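Residues per chain are reported as follows:
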Amino acid sequence: MNSIILKGRAKINLTLDVVGKRDNGYHDLKMIMQTVNLYDTIYIRKTKVLGVRLKSNYSWLPTNEKNIAYKAAELFFKESGIDGGVAIEITKRIPVAAGLAGGSTDAAATLVGLNRLYETHYSKEKLMEMGLQLGADVPFCIARGTMLAEGIGEELTPLTPMPTTYVVLVKPPFSASTAAVYKELDINNIKEHPKTDVVIQALEEGNVQEIANNMSNVLEDVTISMYPEIAKIKEEFMQQGAMGTMMSGSGSTVFGLFETEEAAQKACKYFKVNHDIREVYVTTTYSPSSSNTKLHQNRKKGPRRRGVK
Ligand code: ATP
């Protein structure tokens, strides 16, 4: 095999709670993460020239070691001791710096792709361990599905997969800085913590309306204080008939869950026309068939969580 093409899917949060802060500044999280079908395409080709070359359809995205997929390839060659050369082409569709783990999923796909291309037969757990060296969300992007993420996001427990649901993603034309949002968060002054257990129970019952009713993200208030438009988008999602709506991660993407494709498309059109927002997507929740294997990732090396300090 000389080349491989993979999908790197985005994630949304169904809940996001901050339960503590460590001495080193990292926050302890408790969140339910859900993979969705909006994806970047990652094409990897072996080259005679050694080393990593990378390009993407966004001219402004870094193509050197500042790109997390580039770093993933370098890490793979270092860990495996393989003297390889690859050209990576990323077609981005996932909005960047949007709370959708776009970079993490590209890194995850790169590790999975190189493992297949070079037939290194690393287990999923080993790849997740490698991924954790690149970022706290990378292990989840390798595991995918519906998971409870704890620690800094790397301790993963598979949950009952969410029934396939329509999701509309709205990425406003501004990006929230993850670092700034966490800096502003006062963990001793969180108004209401998400009812994580209620959502887990709703997942077990396959009750999407109950999931939608209990979605909650403690970062929302902080990001809304910086960008009030997020609250307006949420309001409008409900007016458009969403089952529930929430901001993903530290933002700025807001999503709504919908019962039918028709309702989702209608809401999508509404935001495109009324808000003139370009980045609006209709997608669905995704679950890999193998997502019921118990995956538990323990922190080994110092992970790099951009900005979550
Ligand atoms: P998370 O939800 O994990 O916090 P995010 O969706 O908020 O992630 P990303 O899309 O991963 O954020 O982008 C964050 C930063 O990472 C951007 O400023 C971008 O320049 C940089 N970056 C590096 N590599 C990539 C990549 N392959 N795709 C997107 N962004 C990348």
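All residue numbers refer to position in the chain's written sequence, counted from 1. Per-residue local features are limited, in this predicted model, to residues with pLDDT of at least 70; the limit for side-chain atom pairs, both in listing and counting, is 80 or more; totals at the level of whole chains, interfaces and linings are taken over all residues. Think of the side-chain values as coming from all heavy atoms in the structure, minus any hydrogens and water.

Asks: What exactly am I supposed to notice about the site of the ligand here?
Replies: One heavy atom within 4 Å of a molecule or strand is enough for the residue carrying it to be called near that molecule or strand. A97, A101, G103, D106 and D137 are the nearest of the 18 residues found near the ligand. At 3.1 Å from a nitrogen atom of the ligand is found a main-chain nitrogen or oxygen belonging to I68. Any N or O atom pair separated by 3.5 Å or less is treated as a polar contact, with the protein-specific requirement of one donor-capable and one acceptor-capable atom, and with residues adjacent in sequence counted only for side-chain atom pairs. G99 is positioned with one of its backbone polar atoms (N or O) 3.0 Å from an oxygen atom of the ligand. It is helix α2 (residues 102-117) that contributes the most residues to the shell around the ligand, 4 residues altogether. When grouped by side-chain class, the residues that make up the shell around the ligand number 7 nonpolar, 5 polar and 6 charged. Secondary structure elements follow DSSP: runs of H or I no shorter than four residues count as helices, runs of E no shorter than two count as strands, and numbering proceeds from the N terminus. Residues are grouped as follows: Ala, Val, Leu, Ile, Met, Phe, Trp, Tyr, Cys and Pro are nonpolar; Asp, Glu, Lys and Arg are charged; all remaining types, including Gly, are polar.

Asks: Would you take a moment to explain the sheet that holds strand β7 (residues 166-170) for this structure?
Replies: If you trace the 4 strands from one edge of the open sheet to the other, you get β9-β10-β7-β11, paired in antiparallel fashion. Only two strands of the sheet have a single neighbouring strand rather than two, namely β9 (244-247) and β11 (280-284). When strand polarity is set aside, the average angle formed by the axes of neighbouring strands in this sheet is 20°. In this analysis, two residues are considered to be in contact whenever any of their non-hydrogen atoms come within 4.5 Å of each other. Between the N-to-C directions of two axes lies an angle of 0 to 180 degrees, each axis being a line fitted to C-alpha atoms and, for a helix, fitted only over the stretch in contact. Strand contacts of helix α9 (residues 229-239): β7, β9 and β10 (254-258), with the helix running at about 10° to β10, the strand carrying the most contacts. Here the rule is simple: two strands pair whenever DSSP picks up at least two bridges between them.

Asks: Would you mind going over the layout of surface pockets with me for this structure?
Replies: Take a probe with the size of a water molecule and roll it over the atoms, and the empty space left behind shows itself. Roughly 470 Å³ of internal volume is contained in the second largest pocket. Elements with a contribution of two residues or more to the lining of the second largest pocket: α7 (208-214), β8 (216-217), α8 (220-226), α9 and β9. Residues that form the lining of the second largest pocket fall into these classes: 9 nonpolar, 8 polar and 8 charged. Only protein atoms enter the calculation, which uses a 1 Å grid: trapped sets of points that fit a 1.4 Å probe without letting it out are cavities, open sets showing protein on both sides within 12 Å along at least five of seven lines are pockets, and any residue with an atom within 4 Å of a point is a lining residue. Grid points are joined across faces, edges and corners, and a volume is the space filled by probe spheres set on the points.

Asks: Just to check I follow, could you spell out helix α6 (residues 196-205) for this structure?
Replies: Since there are 3.6 residues in each turn of an α-helix, residues three or four apart along the chain are aligned in direction. Relative accessibility thresholds used throughout: buried, under 20% of the residue-type maximum; exposed, over 50%; partly exposed, between the two (1.4 Å probe, protein chains only). Listing the buried residues of α6 in full gives T196, V199, I200, A202 and L203. For α6, the angular spread of buried residues about the axis comes to 160°, placing them on one side. For α6, the exposed residues lying more than 90 degrees away from the buried face are D197, E204 and E205. On its buried face, α6 is in contact with β1 (3-21), β2 (27-46), β5 (146-151) and α7. Directions drawn from the helix axis to the C-beta atoms are what define this arc.

Asks: Whenever I open this one, the confidence of the model for the protein chain confuses me. Can you help?
Replies: Low pLDDT marks regions whose predicted coordinates should not be analysed in detail. Confidence scores labelled pLDDT are given residue by residue by the predictor and lie between 0 and 100. Confidence in the prediction of the protein chain, expressed as mean pLDDT, is 92, and 94% of residues score 70 or more. pLDDT under 50 marks residues 290-309. Its contacts with residues more than four places away, or in other chains, come to 68 contacts.

Asks: Could you clarify how one ought to interpret the domain arrangement of the protein chain in this entry?
Replies: Often the size quoted for an interface is simply the accessible area lost on bringing the parts together. Taken domain by domain, the protein chain comprises domain 1 (3-158) and domain 2 (166-284). Here the bounds of each domain stem from an automatic or database domain assignment. Here the C-alpha centre of domain 2 lies 23 Å away from the C-alpha centre of domain 1. Counting residues at the interface gives 26 residues for domain 1, matched by 34 residues for domain 2. What counts as buried area is the accessible surface, traced by a 1.4 Å probe, that two parts surrender upon association, with contributions from both included. Interface area, domain 1 with domain 2, both sides summed: about 2,300 Å², of which 66% is carbon and sulfur. Among the residues of domain 1 in contact with domain 2, L14, L16 and V18 are the three that bury the most area, contributing 23% of the side total. Within this document, salt bridges are pairs made up of a side-chain nitrogen of Lys or Arg and a carboxyl oxygen of Asp or Glu, the two lying within 4 Å of each other. The interface formed by domain 1 and domain 2 includes 0 salt bridges. At the surface where domain 1 touches domain 2, the tally comes to 14 residue pairs in polar contact (both at pLDDT 80 or more).

Asks: What exactly am I supposed to notice about the pattern of salt bridges here?
Replies: When the charged atoms of two side chains with opposite charge come close together, those side chains can pair. Throughout the structure, instances matching the rule amount to 7 salt bridges. For D40, the salt bridge goes to K92, with nearest N and O atoms at 2.4 Å. Placement of the pair is D40 in strand β2 and K92 in the loop between β4 (85-91) and α2, with a sequence separation of 52 residues. Residues D40 and K92 agree in their burial class; the two are buried. Of the charged contacts in the structure, one is a salt bridge between K92 and D106, with a shortest N-O distance of 2.8 Å. One end of the pair, K92, is in the loop between β4 and α2; the other, D106, is in helix α2, and 14 residues separate them in sequence. Both residues of the pair, K92 and D106, count as buried. Ionic contacts of the salt-bridge type, sharing partners, join the residues D40, K92 and D106 into one network.

Asks: Would you take a moment to explain the pairing of β10 for this structure?
Replies: When a strand is regular, its side chains alternate between the sheet's two faces. Within β10, 5 of the 5 residues are buried, which leaves the element mostly enclosed by the surrounding structure. For β7 and β10, the ladder comprises 5 bridges, and the chain directions are antiparallel. Note on β10: the bridge partner recorded for L169 is F255. When β9 meets β10, the two strands line up antiparallel, connected through 4 bridges. The partner of T245 across the bridge, within β10, is G256. Between the antiparallel neighbours β9 and β10 lie 6 residues, among them G249 with a positive phi of about 55°.

Asks: Honestly, the packing of aromatic side chains in this entry has me stumped. Any pointers?
Replies: The geometry of two aromatic rings is summed up by the distance between their centres and the angle between their planes. Pairing of aromatic side chains requires ring centres within 6.5 Å, counting the rings of Phe and Tyr and the six-membered ring of Trp. Pairs whose planes differ by under 30 degrees are stacked, by over 60 edge-to-face, and all others tilted. Taken as a whole and judged by the stated rule, the model has 9 aromatic pairs. Ring centres of F76 and Y118 lie 6.0 Å apart, and the angle between their planes is 40°; this geometry places the pair in the tilted category. Here F76 is found in helix α1 (residues 68-80), whereas its partner Y118 is found in the loop between α2 and α3 (124-132), with 42 residues between them in sequence. For F76, a relative accessible area of 0% gives the class buried. Judged by relative accessible area, which is 18%, Y118 ranks as buried. Arranged with centres 4.7 Å apart and planes meeting at 55°, the rings of F237 and F271 form a pair that is tilted. Taken together, the positions of F237 in helix α9 and F271 in helix α10 (residues 261-274) put the pair 34 residues apart, joining distant regions of the chain. By the ring-pair criterion, three or more aromatic residues cluster together here, those being F76, F77, Y118 and Y122. Positioned above the aromatic ring of Y39 is the side chain of K7, whose terminal nitrogen or guanidinium carbon lies 4.7 Å from the ring centre. Throughout this description, the term charge over a ring refers to an Arg CZ or Lys NZ atom that lies within 6 Å of the ring centre and within 35 degrees of the ring normal.

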